[in-house]
Amino acid sequence: MDKKTSNAFSEFKKTKDFLLCVDSDGCVMDTMDIKHKKCFGPCFVEEWGLEKYRDEMLERWNEINLYSMDRGINRYKGLEIILNEINDKYIKVEGLEDLRNWVSNTKEFSFNTLNAEIEKTGSLCLKKAFNWSKMVNQSIHELDEDELLPFEGVHDILLPAKALANIAIVSSANPDAVHKEWTKHGLLDVVDILLAQDAGTKSDCIKKLMEFGYDKSKVLMIGDAPGDMSAAEANGVFFFPVLVGKEKESWDELGEVLKAFTTTGLDSKLQKQLKAKFIQHLTSVSNNY
């Protein structure tokens, strides 16, 4: 990987007044559904030996991670949610408390911090989480690249946006996968810094980027999940939602929003409208799942 990698704050330079923070899976890349349905869920069932409950486990995994207000949640947080349910409703999960503690207290969701916690606790649950995560990454690596495509309209917006703003990928996905996918489709060239799973939370990443001197009114977070909106809110910056199932329409609308953003600026009224539409749409998707 080149200098556009996670934890590359030391090499990042502010060269524009505006900053666009952009999520990857489910926002720029049409990869979220396939990764969860073909990789995350099936690997989870296999690692925890839940073949007896396979269909309901896969359905619940997808509901949590794709079709609920937890959409786009960090993989380990999503794992904790479903393991809590399994522990309560199906079978006891040995060492679950160790996973809960690590998820609650770690400052970085990486193999290094997880492995350090395993060495400290010897926890079976953490060992299984480590194995599962490795298995997921390998499974994603083996996906047909022709299935991992950007949403229609992304190139038309991001390529010219480079002339107006610094662009940061702010994602909770695996950095190698993000780098590979953006490179393949000629999108990494517009990126000034790649911040993924091991760079910290999205909120922390935006906070660190703003320390380079950006005005809050000139920072925009683009994402498809409540966590993206929360990260923007935590830093007092604007949020633009990419609606699940309406990604092309969202990117078309973003083109107009960016024009206003980089000229007259965005106002609180528009921001409230965008957030309300986002919550209403995702709630509807969840209710109809």
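The structure displayed is predicted, hence computed values, not measured ones.

Reading the values: rules and limits
Residues numbered from 1 in each chain as written. Predicted model: local features only at pLDDT ≥ 70, side-chain atom pairs only at ≥ 80, totals over all residues. Heavy atoms only, no water. Phe/Tyr/Trp six-rings, centres within 6.5 Å; stacked < 30°, edge-to-face > 60°. Helix = DSSP H or I, 4+ residues; strand = E, 2+ residues; numbered from the N terminus. Buried < 20%, exposed > 50% of the residue type's maximum accessible area, 1.4 Å probe, protein only. Arc of directions from axis to C-beta. Contact = heavy atoms within 4.5 Å. Pairing = 2+ DSSP bridges. Axes fitted to C-alpha atoms, helices over the stretch in contact; angles between N-to-C directions. Parallel < 35°, antiparallel > 145°, perpendicular 65-115°, else oblique. Left-handed = near helix turned anticlockwise from the far one by under 90°. Nonpolar A, V, L, I, M, F, W, Y, C, P; charged D, E, K, R; others polar. Core = buried A, V, L, I, M, F, W, Y, C linked by side-chain atoms within 4.5 Å. Expected span 1.5 Å × (residues − 1).

Draft legend 1. The arrangement of the packing of aromatic side chains in detail. Tallying each qualifying case throughout the model produces 15 aromatic pairs. Ring centres of F12 and F212 lie 4.9 Å apart, and the angle between their planes is 90°; on these two criteria the pair is classed as edge-to-face. Of this pair, F12 sits in the segment before strand 1 (18-22) while F212 is found in the loop between helix 9 (202-210) and strand 6 (219-223), placing the two residues 200 residues apart along the sequence. Look at F238 and F261: their rings are 6.4 Å apart centre to centre, the planes differ by 80°, and that puts the pair in the edge-to-face class. In this pair, F238 is assigned in strand 7 (residues 238-241) and F261 in helix 11 (residues 247-261), connecting sequence segments 23 residues apart. No difference in accessibility class separates F238 from F261, as the two residues are buried. In textbook terms, an aromatic cluster arises when at least three aromatic residues are bridged by ring pairs, as seen for F40, F44, W48, W61, Y76, W102, F109 and W132.

Draft legend 2. Spatial organisation of helix 4 (residues 96-105). Of all the positions in helix 4, only L96, L99, W102 and V103 are classed as buried. In an axial view of helix 4, the angular spread of the buried residues amounts to 125°, which keeps them on one side of the axis. Exposed positions of helix 4 whose direction lies more than 90 degrees from the buried face are S104 and N105. For helix 4, the elements touching its buried residues are helix 3 (75-89), helix 5 (111-121) and helix 6 (124-141).

Draft legend 3. A look at the sheet that holds strand 7. With parallel pairing, the 5 strands of this open sheet are ordered in space as 5-4-1-6-7. Only two strands of the sheet have a single neighbouring strand rather than two, namely strand 5 (193-195) and strand 7. Taking each pair of neighbouring strands and ignoring which way they run, the sheet shows an average axis angle of 25°. In the sheet, strand 1 pairs with strand 4 (residues 165-170) via 5 bridges, with the strands oriented parallel. Directly across from V22, in strand 4, lies its bridge partner I169. Its contacts with the sheet put helix 8 (residues 175-184) on strand 1, strand 4 and strand 5, and the angle it makes with strand 5 is roughly 140°. With respect to the sheet, helix 11 is in contact with strand 1, strand 6 and strand 7, its orientation differing from that of strand 7 by roughly 155°.

Draft legend 4. Here's a closer look at the packing of helix 2 (residues 54-66) against helix 3. Between helix 2 and helix 3, the shortest axis-to-axis distance is 10 Å and the interhelical angle comes to 135°. Regarding the angle of helix 2 to helix 3, the classification is oblique. Of the two elements, helix 2 crosses helix 3, and the hand of that crossing is right-handed. Counting all contacts with helix 2, which are made through M57, R60, W61, I64 and N65, the residues of helix 3 involved are R75, G78, L79, I81, I82, E85 and I86. Residue classes in the contact of helix 2 with helix 3 are distributed as 7 nonpolar, 2 polar and 3 charged.

Draft legend 5. Main features of the nonpolar core. Within the largest apolar cluster, 36 residues are counted, with the highest numbers of intra-cluster contacts made by F44, W48, L83, L99 and W132. Of all the elements in the fold, those that place two or more residues in this core are helix 1 (32-47), helix 2, helix 3, helix 4, helix 5 and helix 6. With 7 residues, the top contributor of residues to this core is helix 6. For L99, the residues in contact, after removing those within four places along its chain, are L79, E80, L83, C125, L126 and A129. Residues V22, A173, L194 and I222 belong to the second largest nonpolar core, which totals 35 residues.

Draft legend 6. Local environment of helix 11. Under the 1.5 Å per step criterion, the end-to-end length of helix 11 is 20 Å for 15 residues, consistent within 8% with the ideal 21 Å. Listed as buried for helix 11 are E247, S250, W251, L254, G255, V257, L258 and F261. Elements that come into contact with the buried residues of helix 11 comprise strand 1, helix 7 (154-161), strand 6 and strand 7.

Draft legend 7. Representation of the environment of G223. Mapped onto the fold, G223 is located in strand 6. Classification of G223 by relative accessible area gives buried; the value is 0%. Sequence separation of G223 and S104 is 119 residues, and the distance between their C-alpha atoms is 23 Å. Not counting the four nearest positions on each side in its chain, G223 is found in contact with D23, C27, D228, F239, F240, P241 and V242.

Interpretation in functional terms is not warranted from these geometric data alone.
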